[in-house]
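# Fold and contact review
Here is what each chain is made of, one letter per residue.
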Amino acid sequence: MGSSTRTLKIGIIGFGTFAQFLAKTMIKQGHLIRATSRSDYSGFPSVHFFRDMEEFMGLEHDVILICTSIVSVSQVVKSIPFHRLKKPLLFADVLSVKEHPRKLLLQEAPQDSDLVCTHPMFGPESGKDGWKDLPFMYERVRVKDEALCSSFLAIFENEGCKMLEMSCEEHDRLAAQSQFLTHTIGRVLSEMEIRNTPIDTKGFEKLVQVKESSTRDSFDLYSGLFIHNRFAKQQLHNLESALERVKETLEARMNNN
Ligand SMILES: NC(=O)c1ccc[n+]([C@@H]2O[C@H](COP(=O)([O-])OP(=O)(O)OC[C@H]3O[C@@H](n4cnc5c(N)ncnc54)[C@H](OP(=O)(O)O)[C@@H]3O)[C@@H](O)[C@H]2O)c1
């Protein structure tokens, strides 16, 4: 069996919506999934769920995957009983901001463990029919066991994801002007309570979709995109001033008529 098809023991910390979505594909690929979370998910099929973090950390893992919300990750990672680990392993995360968990894991995870920071650029809705051609960003932050890290990344590669290796800083810069902006526009459209009409143009249909997909994610997720991405504030400012300029252009035209 090649390294890219190796069966992994993956321990997931934070077993909410997104972790459950990932776990289904990992299980389909034959990996062994154990999970722990603040809430009780012990009924989830084919996953060994542990309410007790000490017990969970004492299991033999190849990978510990952090899937908690952005706004809770600092508190969650700082409360992990790392001393319970049986051997060096790979820590990975899937948070939608990247500099923040990178710094945190470099500070908190044991020095002899490996570290890969990732962001699957899709979710339960956009990835419901498979992950083919969907972007998957990652940075190998600290990797000694190349085979283990490759086996973990192969989970996404084997599903046909578009694998994009880049720094966490570059990710955050780009995500502020793409993902954060999309979510912000979606939240604004939601505040405006836009709805489909009988005379929708294709463009408007897309706006309603943006509103719906943005508000489907938790507010924790959205606020995390702002609070823990140092490039987001500038994008919010750019959006405000662009709206102001568009308004001024319209008003100037009206006054000239
Ligand atoms: N949804 C997506 O499409 C998507 C895509 C890519 C990456 N991500 C990332 O994946 C992670 C999970 O996203 P999500 O969509 O499942 O929703 P989320 O609201 O961002 O996170 C929910 C998760 O955080 C845990 N959590 C929240 N507050 C906590 C606290 N105070 N203490 C301990 N745990 C806490 C929840 O645990 P309990 O459920 O046990 O309460 C749950 O596991 C996030 O970091 C997000 O940025 C999400």
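Residues numbered from 1 in each chain as written. Predicted model: local features only at pLDDT ≥ 70, side-chain atom pairs only at ≥ 80, totals over all residues. Heavy atoms only, no water.

### What to know about the site of the ligand
What surrounds the ligand is a group of 28 residues, the closest being S37, S39, Y41, S96 and S218. Between the ligand and R38, the relevant distance is 2.9 Å, taken from an oxygen atom to a side-chain nitrogen or oxygen of the residue. Protein coverage of the free-state accessible area of the ligand, which is 870 Å², stands at 88%. The set of elements that each furnish at least two residues to the shell around the ligand consists of α1 (17–28), α3 (73–78), β6 (114–120) and α9 (219–227). A breakdown of the residues in the shell around the ligand according to their chemical character gives 12 nonpolar, 13 polar and three charged. Each of domain 1 (9–166) and domain 2 (170–256) gives at least three residues to the shell around the ligand. (Near = heavy atom within 4 Å. Polar contact = N/O pair within 3.5 Å; in protein donor to acceptor, adjacent residues only side chain to side chain. Areas by Shrake-Rupley, 256 points an atom, 1.4 Å probe, with all protein chains shown as cover. Helix = DSSP H or I, 4+ residues; strand = E, 2+ residues; numbered from the N terminus. Nonpolar A, V, L, I, M, F, W, Y, C, P; charged D, E, K, R; others polar. Domains from an automatic or database assignment.)

### Comments concerning the domain arrangement of the protein
Where interface size is given, it is often the accessible area lost as the parts come together that is meant. In terms of domain boundaries, the protein breaks down into domain 1 (9–166) and domain 2 (170–256). The C-alpha-based centres of domain 1 and domain 2 are spaced at 29 Å. Listed per partner, the contact involves 13 residues of domain 1 and 16 residues of domain 2. Summed over both partners, the interface of domain 1 with domain 2 buries about 1200 Å², with 64% contributed by carbon and sulfur atoms. (Contact = heavy atoms within 4.5 Å. Buried area = accessible area lost by both parts, 1.4 Å probe.)

### Quick look at the pairing of strand β5 (residues 90–93)
Neither face of β5 is left uncovered, since the one carrying L90 and A92 and the one carrying F91 and D93 both have all their residues buried. Two strands pair when backbone bridges link them, and strand β4 (residues 63–66) and β5 are joined in this way by four bridges, in the parallel orientation. Pairing of I64 across the sheet is with F91, part of β5. One crossover worth recording links β4 to the parallel β5 by way of α3, and it is right-handed. Pairing of β5 with β6, which is carried by four bridges, proceeds in the parallel orientation. From the neighbouring strand, D93 faces β6, where its bridge partner is C117. Remark: the β5/helix α4 (residues 99–108)/β6 crossover connection has right-handed handedness. (Buried < 20%, exposed > 50% of the residue type's maximum accessible area, 1.4 Å probe, protein only. Pairing = 2+ DSSP bridges. Right-handed = clockwise from strand over helix to strand, strands pointing away.)

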